[in-house]
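Single-letter residue listing:
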Amino acid sequence: MKKTLFFILMILVTVQLAVAQTHYESHVHVGFHAGRSMSQISFTPSVKQKMYQGITMGVSARYAEERHVGLLGELNITTRGWQEKFEESPLEYSRKLTYIELPVMTHIFFGGRNFKGFVNLGPQICYMIGNSISSNFDYMNPHEVPDFPTENRMTEQLSMEIKNKFDYGICAGLGVEGIIRRRHCLKLEGRLYYGLGNIFSAKKKDVFSASRGMCITITLGYMFRLK
């Protein structure tokens, strides 16, 4: 079901591009953006965690039509992961996962000549290029750590090796854009990414049946109109 949904979105984006190329006058923009990411991993069974704070940055190209619909592609580097939640304990653990991301989205925009709102929606593929752990205790042997809160807590994820570096999923964004002197644009966007792949092995014998990434990003960007 997840793969079917992913490929349906890919087909919709492809169809949108084909329609855009045959009907209306086009606008072409290129630009860059940067901002903050807030992420966690959706584990099954669940893991006590809170949002991991990271960064995101990238470049973009946009092909847009007069009638409010176009196509947006990006190449991003984003740090995401998860941070364990230990209530009142001084223990700390976080895992940073650095990804190269390639979202390809339908871009829907509306508004006046100088100020627009927009919605982005489409598939995204990702590849992990970095994986690091920050902790103030021996996470390889958590049950030997004094006062470690073991009750009703999963601990296997603390030291597990990443199994799958490739990820894919769906992203959706909402934002606003201001146009300066016709060719220059500033934009602000909030976006949600929901991963459909698992970072750990998810076979019947494995600890977790799901370990999917989720990420919220808030970015400020600049785009220049080429055409």
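Residues numbered from 1 in each chain as written. Predicted model: local features only at pLDDT ≥ 70, side-chain atom pairs only at ≥ 80, totals over all residues. Heavy atoms only, no water.

Chemist: How should the overall build of the chain be read in this particular structure?
Modeler: Helix and strand content of the chain: one helix and nine strands. For the chain, the α and β elements follow one another from N to C terminus as α-β-β-β-β-β-β-β-β-β. Counted over contacts in the chain with a minimum sequence separation of 6, partners at least 24 positions apart contribute 70%. In the form shown here, the chain has an accessible surface area of approximately 12400 Å², with 61% of it arising from carbon and sulfur atoms. (Helix = DSSP H or I, 4+ residues; strand = E, 2+ residues; numbered from the N terminus. Contact = heavy atoms within 4.5 Å. Areas by Shrake-Rupley, 256 points an atom, 1.4 Å probe, with all protein chains shown as cover.)

Chemist: How should I be thinking about a nonpolar patch on the surface in this particular structure?
Modeler: Where nonpolar side chains cluster on the molecular surface, the patch consists of F32, I55, M57, V59, L75, I77, I100, L102, I125, Y127, I129 and F166 and spans about 1100 Å² of accessible area. If you list the elements that add at least two residues to the nonpolar patch, you get β3 (52-65), β4 (69-84), β5 (93-111) and β6 (115-135). Along the chain, the position of I77 falls in strand β4. (Patch = residues over 30% accessible without salt bridge, like charges linked within 9 Å, V, L, I, M, F, W, Y side chains within 5 Å. Salt bridge = Lys/Arg side-chain N within 4 Å of Asp/Glu carboxyl O.)

Chemist: Help me out: how do you make sense of the environment of E189 in this one?
Modeler: Structurally, E189 is set in strand β8 (residues 184-198). Looking at E189, the relative accessible area reads 5%, which means it is buried. It is 5.7 Å that separates the C-alpha atoms of E189 and L174, two residues lying 15 residues apart in sequence. Setting aside its immediate chain neighbours within four residues, E189 contacts F118, N120, G173, L174, G175, T217, I218 and T219. In terms of polar contacts, E189 uses its side chain to reach the side chain of R191, at 2.9 Å. (Buried < 20%, exposed > 50% of the residue type's maximum accessible area, 1.4 Å probe, protein only. Polar contact = N/O pair within 3.5 Å; in protein donor to acceptor, adjacent residues only side chain to side chain.)

Chemist: What's the story with the packing of aromatic side chains in this structure? I'm lost.
Modeler: One pass over the structure, following the stated rule, counts 13 aromatic pairs. Ring geometry for W82 against Y93: centres 6.3 Å apart, planes inclined by 40 degrees, an arrangement best described as tilted. One end of the pair, W82, is in strand β4; the other, Y93, is in strand β5, with eleven residues separating them in the sequence. Taking the relative accessible area as the measure of exposure, W82 reaches 0% and is therefore buried. (Phe/Tyr/Trp six-rings, centres within 6.5 Å; stacked < 30°, edge-to-face > 60°.)

Chemist: What should I look at first to understand the pairing of β5 in this one?
Modeler: Put simply, side chains in a regular strand alternate between the two faces of the sheet. Relative to β5, β4 runs antiparallel, the two being bridged by 13 bridges. Looking across to β5, one finds that I77 is bridged to I100. As judged from the 17 bridges shared by β5 and β6, these two strands associate in the antiparallel manner. Paired with H107 across the strands is N120, a residue of β6. Joining the antiparallel neighbours β5 and β6 is a turn of three residues. (Pairing = 2+ DSSP bridges.)

Chemist: Quick question: what am I supposed to make of the nonpolar core here?
Modeler: With 24 residues, the main nonpolar core has F43, W82, L97, F137, F148, I199 and F200 as its most contacted residues. Counting residues per element, this core draws most heavily on β5, which supplies four residues. If sequence neighbours within four positions are ignored, I199 has contacts with I41, W82, L97, Y99, M128, I162, K163, N164 and S211. (Core = buried A, V, L, I, M, F, W, Y, C linked by side-chain atoms within 4.5 Å.)

Chemist: Just to check I follow, could you spell out empty space enclosed by the protein for this structure?
Modeler: If a probe the size of a water molecule is rolled over the atoms, the empty space left behind becomes visible. In the structure shown here, the tally under the stated rule is two cavities of 30 Å³ or more. Here the largest cavity defines a volume of roughly 150 Å³. In this structure, the largest cavity is lined by 16 residues; those nearest its centre are T56, N76, E101, R191 and T217. Secondary-structure elements contributing two or more residues to the lining of the largest cavity are β4, β8 and β9 (210-225). If you tally residues by element for the lining of the largest cavity, the top one is β8, at five residues. Residue composition of the lining of the largest cavity, grouped by class: three nonpolar, eight polar and five charged. Of the voids in this model, the second largest cavity is the one considered here, and its volume is about 50 Å³. In this structure, the second largest cavity is lined by Q40, I41, R80, G81, L97, Y99, D167, I199, G213 and M214. Mapped onto the lining of the second largest cavity, the elements with two or more residues apiece are β1 (26-44), β4, β5 and β9. Tallied by class, residues from the lining of the second largest cavity come to five nonpolar, three polar and two charged. (1 Å grid on protein atoms, 1.4 Å probe; cavity = no way out; pocket = protein on both sides within 12 Å on 5 of 7 lines; lining within 4 Å. Points joined across faces, edges and corners; volume = space filled by probe spheres on them. Nonpolar A, V, L, I, M, F, W, Y, C, P; charged D, E, K, R; others polar.)

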